[in-house]
Amino acid sequence: MIAKMNVVFVLGFVLMASAFATDLSANDCEINVEECSPIYSSFHSSSGRTVENDLKQYTSQLVDKSFHFLLMSSAFNKHSLDRPGFEKLYRKISDKAWEDAIDLIKYQSRRGAYGNLVQPNKAENYGKVLDVQELSSLQFALDYEKTMAKEAHAIHRKISHAHSKAGSNGGDDVYHYDPDAAHYLDEKIIEYQSGVVRDLAGYIHNLKHFTSVKHAANDLGNHLFDEYLASV
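Conventions we followed
- Residues numbered from 1 in each chain as written.
- Predicted model: local features only at pLDDT ≥ 70, side-chain atom pairs only at ≥ 80, totals over all residues.
- Heavy atoms only, no water.
- Salt bridge = Lys/Arg side-chain N within 4 Å of Asp/Glu carboxyl O.
- Helix = DSSP H or I, 4+ residues; strand = E, 2+ residues; numbered from the N terminus.
- Buried < 20%, exposed > 50% of the residue type's maximum accessible area, 1.4 Å probe, protein only.

### Details of the pattern of salt bridges
Move 1: If you walk through the whole model with that rule in mind, you get 8 salt bridges.
Move 2: The partner of Asp100 in a salt bridge is Lys96, with the nearest N and O atoms 2.7 Å apart. A residue pair is termed a helical-turn pair when its members lie 3 or 4 positions apart in one helix, as Asp100 and Lys96 do in helix α4 (residues 84–110) at 4 residues.
Move 3: Owing to a relative accessible area of 12%, Asp100 belongs among the buried residues under this scheme.
Move 4: Judged by relative accessible area, Lys96 falls into the buried class, the value being 19%.
Move 5: The salt bridge involving Asp180 is made with Arg110; its shortest N-O contact spans 3.6 Å. Within this pair, whereas Asp180 is found in helix α6 (residues 179–210), its partner Arg110 is found in helix α4, the two being separated by 70 residues in sequence.
Move 6: In this structure Asp180 comes out as partly exposed when scored by relative accessible area, which is 28%.
Move 7: Residues joined in a network through salt bridges with shared partners are Arg110, Arg111, Asp178 and Asp180.

Functional significance is not addressed by these values, which are geometric in nature.
Given below as structure tokens:
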């Protein structure tokens with residue numbers, strides 16, 4: 001009986017040791033008090049392949065998006081193009097992007113990282129969002145939302161367990177697997193994006209229907225649709 005208990009103890013110790021071995025930073029705090037931090041799993045590592053870097057990039061893209069739609073909102077608040085409904089829609093999108101960026105910075109801080117901004121991967125021309133019409137602005141907004149949604153999906157796929165290519169010892173998991181970050185993206189980013197994409201697609205088809213009859217009726221169609229946007 002004692003021999004069996006010894007075997008169970010040894011096997012348990014080996015399994016626990018191998019589990020810590022998959023994450024080289026698991027017991028750093030016991031070695032050096034300076035290493036005691038909330039960072040764990042794949043959120044940060046010296047390899048550079050980290051969730052932290054992906055979230056920093058996405059946060060910066062959200063800030064970029066906020067300024068894009070803020071400019072679009074102002075473009076529809078000119079004396080020559082007074083569209084309060086479109087202004088309201090794009091201001092709402094801008095404010096939501098700004099709130100998401102702040103919340104994402106707070107999440108990174110909670111995980112032990114610095115929530116600083118970085119240069120977005122793709123440089124955007126802000127001037128093009130000032131030269132828009134009602135329908136084309138909605139098309140631009142839909143494409144923008146889809147691009148952001150695809151980026152969020154790419155990050156989620158990278159850090160989800162379903163995408164894991166880890167071996168039997170789980171060695172590769174320390175570079176990408178992070179269910180907490182995946183859950184955050186699900187609840188805070190991805191679920192909302194699908195609703196916005198659906199709404200914008202519906203707006204485009206409705207406005208196209210209102211303005212596709214005769215040129216003389218286009219202004220009336222745009223005006224009626226703008227009133228609808230102002231009321232929702």
